[in-house]
Amino acid sequence: MEMNASYTSLVAVGDSFTEGMSDALPDGSYRGWADLLAARLAAREPGFRYANLAVRGKLIGQIATEQAPLAASMGADLVTLVGGLNDTLRPKVDMGRVRGHLEAAVETLAPACGQLVLMRSPGRQGPVMERFRPRMEELFAIIEELAARHGALVVDLYGAPVLADQRLWHADRLHLTDEGHRRVAEAVWQALGLPAEEDWRAPLSASRPPGWAVRRVDDARFAREHLLPWIGRRLTGRSSGDGRPAKRPELLPYATGTGERLS
C-alpha cells in the first residue's frame, strides 16, 4: 500500500463486529473499530464522510443483499466488508452458499470503491473456538481467494496471537472489548499504508490466570446471560438484529467540533 495514502470517505459493511459490540459507551451505544478508524481518517482529511451499515446478527446472505448494493451506490474511497462468521457459528451451514454470497458481495463492492478491505477475523481461545475453527479457516481461505481475484486488501487479525487472548474479549465470548477494537482499528490503519502509532500485535502483560472457582462462576454467568439466550434465538429463528436499523445509514461528514464522538 502507498504510505500516507489519502482517504476521503469510508463505508463499513457487516455484522456485530463492525457495529462495534462490545465497545460500549456510557449511553449504552457501541463504538468499535470502524468508528475509531473513521475518527482517525477524519482528523487527516477535512470533509471526510462515513457510513456504517453494519447490523448485529446478520448472515452473509443478508449482508450481500441488504448492505452491499447500498454501500456500492455510495461510491466511497474505502469500503470494509466483514461477514460470514455468524454463518459458521450456526449448528448447520452450507459453506458453498456462504462462498456464493460472499463472492456476490465482493463483486458488487470491489468495482464501486477505491479500495475494498476484507478481514480474517480474530478468534478467541477456548473449546468453542476449536469446534468451529475448521469452518472459520475455510471461510478465510475463500476471503483470501476473492481478495486476490478482485484486488482487495486482507487484514489478518486471525494470525495475531494477542487477539486470541481472552482478556481482549467481552464476557459474552463473542465480541471484543474496547482494547480489542482499538487494536483492530490500528491494524486496519497500518494495512492502509498509514503511519503506525503502536504495535497492535504486542502481547498483553503477563498475569496470573484466574483460579478454578472463579472460572466456574464465569462459566455459569456466561451460560445464563449469553449462551442460553443465543441458543433460544437459534431455536426460534430469531436474530439479535431483527428490526434494528443500520448504525449510520448515510454517507455523511464525520467531523470534529460537531459534538460527534470521535474517540
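Now for a look at the structure at hand.

Here is what the cut-offs are and how they apply
- Residues numbered from 1 in each chain as written.
- Predicted model: local features only at pLDDT ≥ 70, side-chain atom pairs only at ≥ 80, totals over all residues.
- Heavy atoms only, no water.
- Helix = DSSP H or I, 4+ residues; strand = E, 2+ residues; numbered from the N terminus.
- Buried < 20%, exposed > 50% of the residue type's maximum accessible area, 1.4 Å probe, protein only.
- Contact = heavy atoms within 4.5 Å.
- Areas by Shrake-Rupley, 256 points an atom, 1.4 Å probe, with all protein chains shown as cover.
- Pairing = 2+ DSSP bridges.
- Phe/Tyr/Trp six-rings, centres within 6.5 Å; stacked < 30°, edge-to-face > 60°.
- Core = buried A, V, L, I, M, F, W, Y, C linked by side-chain atoms within 4.5 Å.

### Looking at the overall build of the protein chain
At step 1: Check the secondary structure of the protein chain and you find eight helices and six strands.
At step 2: Seen in sequence order, the protein chain has helices and strands lined up from the N terminus as β-α-α-β-α-β-α-α-β-α-β-α-α-β.
At step 3: Buried residues in the protein chain amount to 48% of all 263 residues.
At step 4: Sequence-distant contacts in the protein chain: of pairs separated by 6 or more residues, those separated by 24 or more amount to 77%.
At step 5: Of the roughly 12,500 Å² of accessible surface on the protein chain, a fraction of 53% belongs to carbon and sulfur atoms.

### Structural notes on the pairing of strand S3 (residues 78-82)
At step 1: Counting buried positions along S3 yields five of five residues, so the element is predominantly enclosed.
At step 2: Burial along S3 is two-sided: the residues Leu78, Thr80 and Val82 and Val79 and Leu81 are all buried.
At step 3: With five bridges joining them, strand S1 (residues 9-14) and S3 adopt parallel strand pairing. The residue of S3 that forms the bridge with Val13 is Leu81.
At step 4: Note: S3 against strand S4 (residues 115-120), four bridges, orientation parallel. The residue bridging Val79 from the neighbouring strand is Leu116, located in S4.

### As for the packing of aromatic side chains
At step 1: Evaluated as defined, the whole model comprises three aromatic pairs.
At step 2: Their ring planes at 70 degrees and their centres at 5.2 Å tell us that Tyr50 and Tyr254 sit as a pair that is edge-to-face. Highlighted residues: Tyr50 in strand S2 (residues 49-52) and Tyr254 in the segment after strand S6 (248-253), separated in sequence by 204 residues. We note that Tyr50, like Tyr254, is buried.

### Examining the nonpolar core
Most often, soluble globular proteins keep nonpolar side chains buried together rather than apart.
At step 1: With 37 residues, the main nonpolar core has Trp33, Leu41, Met119, Leu157, Val184 and Leu192 as its most contacted residues.
At step 2: Where this core is concerned, the elements lending two or more residues are S1, helix H2 (33-44), S3, S4, strand S5 (153-156) and helix H7 (178-191).
At step 3: Among the elements that make up this core, the one with the highest residue count is H2 (eight residues).
At step 4: If you look at the next biggest cluster of nonpolar residues, it comprises 36 residues, including Ala51, Ala68, Leu81 and Met136.

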